[in-house]
Amino acid sequence: MTRLAEFLQEKNGNFSSTRLAFLLWVLGTLFVWIFISIKNLTLQPLPESVIIIIGILMTGKVTQKFGEKDFIPSKSNPTPPTEGQE
């Protein structure tokens, strides 16, 4: 359970709703696909709409990651400024 919590957290310790949504969609899709494939005794195709939604979630997470800026403390300013402080 600890590793799952670590997977869902960003570097700053906040939980990522995008990662959670992606994980739930992938696991839910996989579960339903396996169930239907076993029921019909043949591998079933995935609908394009499901593939598109998973692709959108993955693209959103990748884009978000590139858009984030990590705070790197400098020697002159070791802590980030708080509200009202500049």
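The text that follows walks through the structure, step by step, so that each part is easy to find.

1. Observations concerning the overall build of the protein
Logical step 1: Counting its secondary structure elements, the protein contains 3 helices and 0 strands.
Logical step 2: Scanning the protein from its N terminus toward the C terminus, one meets helices and strands in the order α-α-α.
Logical step 3: Expressed as a percentage of the 86 residues in the protein, the buried residues total 12%.
Logical step 4: Sequence separation of 24 or more characterises 42% of the internal contacts of the protein that already satisfy a separation of 6 or more.

2. Some remarks on helix α2 (residues 17–40)
Each α-helix winds once per 3.6 residues, and so residues spaced three or four apart point in a common direction.
Logical step 1: In this model, α2 (24 residues) spans 34 Å end to end at C-alpha, consistent with the 34 Å of a helix rising 1.5 Å per residue.
Logical step 2: Within the sequence span of α2, burial applies to Arg 19, Thr 29 and Ser 37.
Logical step 3: Just downstream of α2, Leu 41 is the residue with a positive phi angle, here 55°.

3. Side note on the side chain of Thr 29
Logical step 1: You can see Thr 29 is positioned in helix α2.
Logical step 2: When residues no more than four places from it in sequence are discounted, the contact partners of Thr 29 are Leu 46, Val 50 and Ile 54.

4. Things to note about the environment of Ala 5
Logical step 1: Mapped onto the elements, Ala 5 comes out in helix α1 (residues 2–7).
Logical step 2: Assessed through its relative accessible area of 30%, Ala 5 is described here as partly exposed.
Logical step 3: For the pair Ala 5 and Phe 15, spaced 10 residues apart in sequence, the C-alpha to C-alpha distance is 8.2 Å.

Parameters at a glance
Once a new chain begins, its residue numbering starts again from 1 and follows that chain's sequence as written. Confidence filtering applies because this is a predicted model: local features only for residues at pLDDT of at least 70, side-chain atom pairs given and counted only at 80 or more, and all residues used for totals across whole chains, interfaces and linings. Here the side-chain values reflect all heavy atoms present in the structure, with hydrogen atoms and water set aside. Helical segments are the DSSP runs of H or I of at least four residues, strand segments are the runs of E of at least two, and each set is numbered from the N terminus. Accessibility here uses a 1.4 Å probe with only protein chains present; expressed as a share of the type maximum, an area under 20% marks a residue as buried, one over 50% as exposed, and anything in between as partly exposed. Pairs of residues are marked as contacts when any of their non-hydrogen atoms sit within 4.5 Å. Given a helix with a known number of residues, its expected span is that number minus one, times 1.5 Å.

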